[in-house]
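Residues per chain are reported as follows:
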Amino acid sequence: MKRTQKMVTLSMLGSISFVLMLLNFPLPFLPNYLKIDFSDVPALIAAIMFSPVAGVIVEALKNVLYYIFRGSGVPVGELANFAAGVAFILPVSWFYHKKKSTKGLATGLVAGTITMALGLAILNYILILPAYAWFFGMDYMLDPAVKWTTITAGILPFNIIKAMFISALFIPLFLKLKPWMTRRQQTI
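Conventions adopted
Residues numbered from 1 in each chain as written. Predicted model: local features only at pLDDT ≥ 70, side-chain atom pairs only at ≥ 80, totals over all residues. Heavy atoms only, no water. Helix = DSSP H or I, 4+ residues; strand = E, 2+ residues; numbered from the N terminus. Buried < 20%, exposed > 50% of the residue type's maximum accessible area, 1.4 Å probe, protein only. Core = buried A, V, L, I, M, F, W, Y, C linked by side-chain atoms within 4.5 Å. Contact = heavy atoms within 4.5 Å. Expected span 1.5 Å × (residues − 1). Polar contact = N/O pair within 3.5 Å; in protein donor to acceptor, adjacent residues only side chain to side chain. Salt bridge = Lys/Arg side-chain N within 4 Å of Asp/Glu carboxyl O.

## Quick look at unusual backbone geometry
Glycine aside, the phi torsion of most residues is negative, and most peptide linkages are trans. At Lys100, a position not held by glycine, the phi torsion is positive, near 50°. By the secondary structure assignment, Lys100 is in the loop between α4 (76-99) and α5 (102-136). Owing to a relative accessible area of 47%, Lys100 belongs among the partly exposed residues under this scheme.

## Notes on the nonpolar core
Ile48, Phe88, Leu105 and Phe170 are the most contacted members of the largest nonpolar core, which totals 31 residues. If you list the elements that add at least two residues to this core, you get α1 (2-22), α2 (40-49), α3 (52-70), α4, α5 and α6 (144-187). It is α4 that provides the largest number of residues to this core, a total of eight residues. The residues touching Phe170, leaving out its near neighbours within four places in the chain, are Val41, Leu44, Ile45, Ile48 and Leu105. By size, the runner-up hydrophobic cluster in this structure holds 11 residues, among which are Ile36, Ala121, Met141 and Ile155.

## Let's talk about α1
Spanning 21 residues, α1 covers 31 Å between terminal C-alpha atoms, matching the ideal 30 Å at 1.5 Å per step. Looking only at α1, the buried set comprises Thr9, Leu10, Leu13, Gly14, Ser17, Phe18 and Met21.

## Here we look at the environment of Ile160
Among the secondary structure elements, Ile160 is positioned in helix α6. Among the residues examined, Ile160 registers a relative accessible area of 32% and is labelled partly exposed. Sequence separation of Ile160 and Thr115 is 45 residues, and the distance between their C-alpha atoms is 9.8 Å. Discounting residues that sit within four places of it in the chain, Ile160 has contacts with Thr113 and Ala117.

## Describing the side chain of Asn81
Structurally, the position occupied by Asn81 is in helix α4. Its relative accessible area of 11% is what places Asn81 among the buried residues. Engagement of the side chain of Asn81 in a polar contact is seen with the side chain of Lys62, the distance being 2.8 Å. Ignoring sequence-local partners within four residues, the contact set of Asn81 consists of Met21, Asp37, Glu59, Lys62, Asn63 and Lys162.

## Regarding the pattern of salt bridges
Pairing is possible between side chains of opposite charge, provided their charged atoms come close. Applying the stated rule across the entire model yields four salt bridges. A salt bridge links Asp40 to Lys162; the shortest N-O distance between them is 3.7 Å. In this pair, Asp40 is assigned in helix α2 and Lys162 in helix α6, connecting sequence segments 122 residues apart. Since its relative accessible area comes to 1%, Asp40 is described here as buried. Ionic contacts of the salt-bridge type, sharing partners, join the residues Asp40, Glu59, Lys62 and Lys162 into one network.

Shown next, in the form of structure tokens:
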């Protein structure tokens, strides 16, 4: 029964995460294809409530649902979103589970911000931007100068800002939900 309850909880969090992914908005000073959403919040809840793996499962469910909803094509954006979400939630949940405190959560949010920003900068340079070039005919993305400019002027600041938005939303939400999450952990 507990396994079923946990699967249902993760499925619900994955579905909520998917809906939040649909509610996105661009920032006026960054490229339009970089959009802020709060879909990593349910994954953070799962990662803190259960384990880092639970958070990864919610990230995967969200991106699979988004890919199915969006239709066909090469899922480069979904894979990038999955990598960004995992890079953010794993340090947060690791630090939180190590300390089980608000200080551990805050340390994790800072570490997650740094990991996501730097990790995605490297991943974009090596894999994601070349994948856009290969699959979508954006050959200019293979030019190292274009990749570097895209990363430093767009992707790096975007990921820092996105992590700050998510953190600012998650901290008060976590403080409000902490009693519920603790009860839920004990029953599942």
